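# Secondary and tertiary structure notes
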Amino acid sequence: MQIRSSLFAGAALALFGSAVATTINVPGDVATIQGAISAASAGDVVAVHPGTYLEHQIDFMGKAIRVTGTDPTNPQVVAATVVDGQAAGTVFYFHRGETRQSVLAGLTITGGLGEGYPNNRAGGVTCRDNSSPTIEHCLIRNNAAGGGGGIYAKDSAPLVTDCKIQNNQVEFRGGGIYCHLAPMEIARCTIVDNIAAFGGGITCNDCMPQIHECDIRGNYGSTGGGGIVCAAANPSIVNCMIVENDGGAAGGGFSLAQSNPLISNCTIANNIVSSSGGGAFFSESSPTFVNCIFWGDAGGEFDVYSGTPTANYCDIQGGFSGQGNIQNDPRFVAPATGDFHIQPTSPCVDRGTAMTAPSIDFDGDPRPAGSGIDIGADELFTAICDLQLTLSDYPATIPRGDRLVFKATVANSCDSSLDFDSAALSVTGPAETQQSLYDGAPILFAPGAQSTYTVGLQVPLTVPLGGYRVAVGIYRSGELVDNDDFTIQVVE
Ligand SMILES: [Ca+2]
Ligand SMILES: [Ca+2]
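Values in this document were obtained by computation on a predicted structure and should not be read as measured data. Within any chain, residue numbers begin from 1 and follow the written order of that chain's sequence. Chain A is the first chain written and ligand 1 is the first ligand written, with later ones labelled in order. Only residues with pLDDT of at least 70 get local features here, since the model is predicted, and only at 80 or more are side-chain atom pairs given and counted; chain-wide, interface and lining totals rely on the full set of residues.

### Quick word on the overall build of the chain
- Secondary structure follows DSSP: runs of H or I at least 4 residues long count as helices, runs of E at least 2 residues long count as strands, and numbering of each begins at the N terminus. Regarding its fold elements, the chain presents 2 helices and 47 strands.
- We take the radius of gyration over the C-alpha atoms and set the globule estimate at 2.2 Å times the residue count to the 0.38 power. Against the 2.2 N^0.38 benchmark of 23 Å for 492 residues, the chain shows a C-alpha radius of gyration of 26 Å, consistent with a compact globule.
- Counts of 20 or more other C-beta atoms within 10 Å of a residue's own C-beta define buried residues, counts of 12 or fewer define exposed ones, and intermediate counts define partly exposed ones; C-beta atoms are placed from the backbone. Within the chain, the fraction of its 492 residues that count as buried is 50%.

Below is the structure:
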């Protein structure tokens, strides 16, 4: 089947508006990140190219700008784009009332050294005085401070998403993150191998942060709280894996003092302590656990010094009274090698309550899957098998007026016959267009079958130059089955 299309026809009529933010390249346009921020205006982008930048106390100056590596979702590029504080101070310092419109993305932040009490700066990123930026896709590692090795937030509500916070060390609280009077949000972060006296992973002090879909693992709190410490704090903690932390004297997973948080759909497993409460230690605390697994923690799961913890629909080793609780081996996939997802035979499958359950799980899978909510951070989810579309053999650049040709392969790697009945192409970039490639009788693929189609497109001489994304989707009764895309530069 040869599919032809007059791509880009009418594209000149579909031009985007012309309000374009300025991009300031570091070091191409300005040598330093701070220099580029000083030159930027609201809406601008400071694009930090791979390299090592020896800077500290970098100040956004209250600007709603984006300071970003060149490819934040590519871990290799993030690891190669390094801002090193060289132990001269905190690396990024937000203190001028920044909002979530001030974005720090895709950088490695390392070598910071924060001041201790009373000035309190993080090693990596400090947010103080009502400064609440967005920090995303950053690798924050090998920083040190008095409290808050990776991030310290006080009187501020930053959003921290998709970051890895690793190997930071503090003398006192919050090896990875210390939030103090800070209603911050921490989502989809990996917080691993950080060290503190209290709260190896995270310390929450006097605040109600939201912590969800985080992997809190291998942290060490020498005098308590390997994973998370709450001190007069009631965070919402949902869909987190809190595993393999070392709580020193007490509280491998959690150590709670004067705190009554709601903790839902978390897996607390294989944490260790030298005395008791490998799962959690409670002092004047009455938290509520719902849909949580406490399993394999040293020294017993709960150590209740004072307070009345509640647990419902939980799987707790050794048992704990409460509605819907069980005490059966949760059948993790491979706990010895750190995989605390549940197997299909797990007794936790479909045994939770919908009452506090979120609509996704630790992995971002839909929750519930199957007939009910699963206990723990993981919802057992098997993706439905369907046809796969893959685009290939496309060039990186194409001159205007040339014909773009590429291949589209549809494959059935499932055990049943599957079909699609339409295919469509879209182009986005300086100009945009949509085009039907096929719309007709269902094309059937037996198990193991695949077909490769050639797609040919004429690029008009009048199309604007620049980077375009070309996407193809295949559909069944109007529902997307699969899609794929590539980027291409249109040149003279
Ligand atoms: Ca389920
Ligand atoms: Ca899952």
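Right, picking up where we left off after that structure.
### Examining the domain arrangement of the chain
- Domain delimitation follows an automatic or database domain assignment. Domains assigned within the chain are domain 1 (22-342) and domain 2 (388-491).
- For domain 1 and domain 2, the distance between their C-alpha centroids amounts to 41 Å.

### Brief notes about the nonpolar core
- Residues Ile33, Val46, Cys240 and Cys292 are the most contacted members of the largest nonpolar core, which totals 106 residues.
- In this structure, valine 46 is in contact with Ile24, Val26, Ile33, Ala36, Ile37, Ala40, Ile65 and Val67, ignoring residues within four places of it in sequence. Think of a nonpolar core as buried Ala, Val, Leu, Ile, Met, Phe, Trp, Tyr and Cys residues, each tied to the set through C-beta atoms within 7 Å. In this description, a residue-residue contact is defined by the distance between C-beta atoms placed from the backbone, which must lie within 7 Å.

### Things to note about the confidence of the model for the chain
- When pLDDT is averaged along the chain, the result is 94, and 96% of the positions lie at 70 or above.
- Per residue, pLDDT captures the predictor's confidence, and it can take any value from 0 to 100. Here residues 1-19 is a poorly scored stretch, pLDDT under 50, and it has 42 contacts once near neighbours within four places are set aside; other chains count.

### Some remarks on the sheet that holds strand β33 (residues 288-290)
- Paired strands, in this sense, are two strands between which DSSP finds at least two bridges. What the 12 strands build is an open sheet, ordered β2-β3-β5-β8-β11-β15-β19-β23-β27-β30-β33-β36; its pairing is parallel. Each end of this open sheet is capped by a strand with a single partner; those strands are β2 (23-26) and β36 (310-312). Strand-to-strand twist across the sheet, computed as the mean angle between neighbouring axes with direction ignored, equals 10 degrees. Helix axes are fitted to C-alpha atoms over the stretch in contact, other axes to C-alpha atoms as well, and angles between N-to-C directions run from 0 to 180 degrees.

### A closer look at the environment of proline 358
- On the secondary structure map, proline 358 appears in the loop between β39 (339-342) and β40 (388-392).
- The spacing of proline 358 and phenylalanine 320 is 38 residues in sequence and 23 Å in space, taken between C-alpha atoms.
- Look past the residues within four positions of proline 358 in its chain and what remains in contact with it is Val238, Asn239, Asn265 and Arg367.

### Considerations on the sheet that holds strand β47 (residues 479-491)
- Taking strand neighbours across the sheet as the criterion, the 5 strands line up as β41-β47-β46-β43-β44 in an open arrangement whose pairing is mixed. At either end of the open sheet lies a strand with only one pairing partner, and these are β41 (397-399) and β44 (433-445). The mean angle between the axes of side-by-side strands here comes to 30 degrees, regardless of whether they run parallel or antiparallel.
- Note that strand β43 (residues 418-428) and strand β46 (residues 466-476) share 7 bridges and pair antiparallel. Bridge pairing links serine 426 to alanine 471 in β46.

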